[in-house]
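Remarks on the overall topology
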Amino acid sequence: MGISVEGWGRVAGLLPRRSDLDAMRRAPGRDLLAGLTVAVVALPLALAFGVASGVGAQAGLVTAVVAGALAAVFGGSNLQVSGPTGAMTVVLVPVVQRHGTDGVLMVGLLAGALLVVVAVLRMGRAAKYLPIPVIEGFTAGIAVVIALQQVPSALGAAGEGEKVWQVAAHAVARFVAHPDADAPALALGVAAVLLVGARWRPGVPFSLLAVAGATVLAEVLPTLDVARIGALPSGLPAPSLGFFDASALLVLLPSALAVAALAALESLLCASVADGMTTGQRHDPDRELFGQGLANLATPLFGGVPATAAIARTAVNVRAGAGSRLAAFTHALVLAAIVFSAAGLVSRIPLPALAGVLLATCVRMVQLSALTALARSTRADAAVLVVTFVVTVAVDLVTAVVIGIGLAVVLALRQVTRSARLESVPHAAEHIAVLRLDGPLFFPAAHRLLTDLTDLATLGELSAVADVQVVVLRMSRVTAIDATGAGVLGEAITELETRGITVLLSGVKPEHDQVLDALGIAEHLRRDHAVFPDTRGAIAHARTLVHGERPDPAQH
């Protein structure tokens, strides 16, 4: 079976274009300088995230090189910089613990394939519907999880446990039992330099300077007892599929889904941030997912971890004056040159220094002003924010996003339900109640509204009419109706008629009429000419009924 013309057209629309090359020719010097600047910032982060993922510093560098280059060429943003990220390490650490390094590589390969499929199906625009409290909640949660992951390296004490907070607590207990100030002093010193330096001179690569300074300090002070990165191979490893295990596909699929979802979400959010920092730049969400998919398909072949776009590095790229993909591609080439020429120097970097880099990154990830604003906006937003944050830290990221979205949907439905009302319409006619259904008549609101309708005490209270004989239901303000709402409406009509009350309908919209017809609701009312296009005709017909006259079909 061949691929259709439409299918080929979809794929072709995701490939690099002539306009990409034209953009790279506009200001190549500025892009090259921006790429060099980003590489200087990305080097310590790539090493740190590689170590934090549990696969090793070399894997972080490989990811920054391979994924950075492919995402720059095939991605949907001219300004994105991709590589290993802190959010991804949160998902990868449990995979390393359960399935080892080969499991991480396999997960990356599966996630890449999933992203390509999602891109071809043109599903990239769906990310914009994610609630902001969910995004802010898991971002803050990720920052806390990354910080907890750094506790063992920052204290120079190993930790044990299934959850990250358990590992951190165990490391703290070991440190308290056998304290040694060398590692925490180095980690906190690097973090302080980064945080203070970023405020003092934002354009200076303090992360590289701090890590270089910590490495020199560890070399000249032999009494400084801290762990190092260790030996790194010089150059990129040859492509290999030795890790591929078909029997493990189903076991690793849930982790791959989590990685693919996170890569998609973080990349699309990052692209939106990049668009907002510039004028005249707009990303293609489907093409961005396609580029991230190809990057994650290729990176495991060289021993790298799953990658995504990095907001911090992308922001540096934009601020450095990047205008095309050449900057992100240059960043990957510079890192590749470092891999080939300076592996020996990189191996001497102290692990507490990288922990300090990530601790500072965590502090900068959390936007207290945004969190405070959301917490004060509505109770629903505050609840979604807090729940997503807590579940991210206590359980895992994917569960947190699912629960956060679920809670947001439930609270939104609750709000919509509250907007639905049953109100009386003044009409000055004895024994006739005219009631207006206002808002959506669907499953969350239907039972509450129509319970009020069938309760005679409530009905009398609403309409201020004693001894109700005819009820006119005005439907013109019903904004939506589903099968549940239509079914409950039919039950309410039957209940009122059982009590001897005649029911008339008015103002039923054509689109709502279709639902009622499909479910056979109120067929007898149509047969008896009890459905009217407007309320005036329905009230006139009700008056004839109350006075004992035969209904006039001409009033329908």
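Scroll up for the structure.
Now for a quick tour of the structure.

Conventions adopted
Residues numbered from 1 in each chain as written. Predicted model: local features only at pLDDT ≥ 70, side-chain atom pairs only at ≥ 80, totals over all residues. Heavy atoms only, no water. Helix = DSSP H or I, 4+ residues; strand = E, 2+ residues; numbered from the N terminus. Buried < 20%, exposed > 50% of the residue type's maximum accessible area, 1.4 Å probe, protein only. Disulfide = S-S within 2.5 Å. Pairing = 2+ DSSP bridges. Core = buried A, V, L, I, M, F, W, Y, C linked by side-chain atoms within 4.5 Å. Contact = heavy atoms within 4.5 Å. Phe/Tyr/Trp six-rings, centres within 6.5 Å; stacked < 30°, edge-to-face > 60°.

Even without being a glycine, Arg-122 presents a positive backbone phi close to 60°. Within the fold, Arg-122 resides in the loop between helix 5 (86-120) and helix 6 (132-155). On the accessibility criterion, Arg-122 (32% relative accessible area) is partly exposed. Phi angles above zero are rare outside glycine, and His-529 is one such case at about 60°. Looking at the element boundaries, His-529 is found in the loop between helix 23 (523-527) and strand 8 (531-532). The class for His-529 is partly exposed, based on a relative accessible area of 35%.

All right, on to the state of the cysteines then. Per the counting criterion, the structure on display carries zero disulfides. Between Cys-270, a free cysteine, and Cys-362, which holds the nearest cysteine sulfur, the sulfur-to-sulfur gap is 17 Å. Given the relative accessible area of 5%, Cys-362 is considered buried.

Moving on, we get to the pairing of strand 5 (residues 470-474). In terms of residue burial, strand 5 counts as a mostly covered element, since four of its five residues are buried. Pairing between strand 4 (residues 432-441) and strand 5: five bridges, direction parallel. Note that in strand 5 the partner of Val-434 across the bridge is Val-472. In terms of strand pairing, strand 5 meets strand 7 (residues 502-506) through five bridges, oriented parallel.

Bringing the nonpolar core into the picture now. Grouped together as the largest cluster of nonpolar side chains are 96 residues, with contacts concentrated most on Leu-47, Phe-138, Ile-229 and Leu-335. Considering every element that reaches this core, the biggest residue donor is helix 5, with 17 residues. When neighbours within four sequence positions are excluded, Phe-138 is seen to be in contact with Leu-265, Thr-388, Thr-392, Leu-397 and Val-401.

Let us look at the packing of aromatic side chains. One pass over the full model with this rule turns up one aromatic pair. Considering the side-chain rings of Trp-200 and Phe-206, the 6.3 Å spacing of their centres and the 45° angle between planes classify their relative orientation as tilted. Accessibility expressed as a relative area gives 55% for Trp-200, which makes it exposed.

Its location among the elements puts Gln-149 in helix 6. In this structure Gln-149 touches Ala-52, Thr-89, Val-90, Val-93 and Val-164, once residues within four positions along its chain are discounted.

Turning our eyes to something else, we now look at the pairing of strand 7. By the criterion of burial, strand 7 is predominantly enclosed, with four of the five residues buried. The pairing of strand 7 with strand 8 spans two bridges and is classified as parallel. Its bridge partner being in strand 8, Ser-506 is matched across the sheet by Phe-532.

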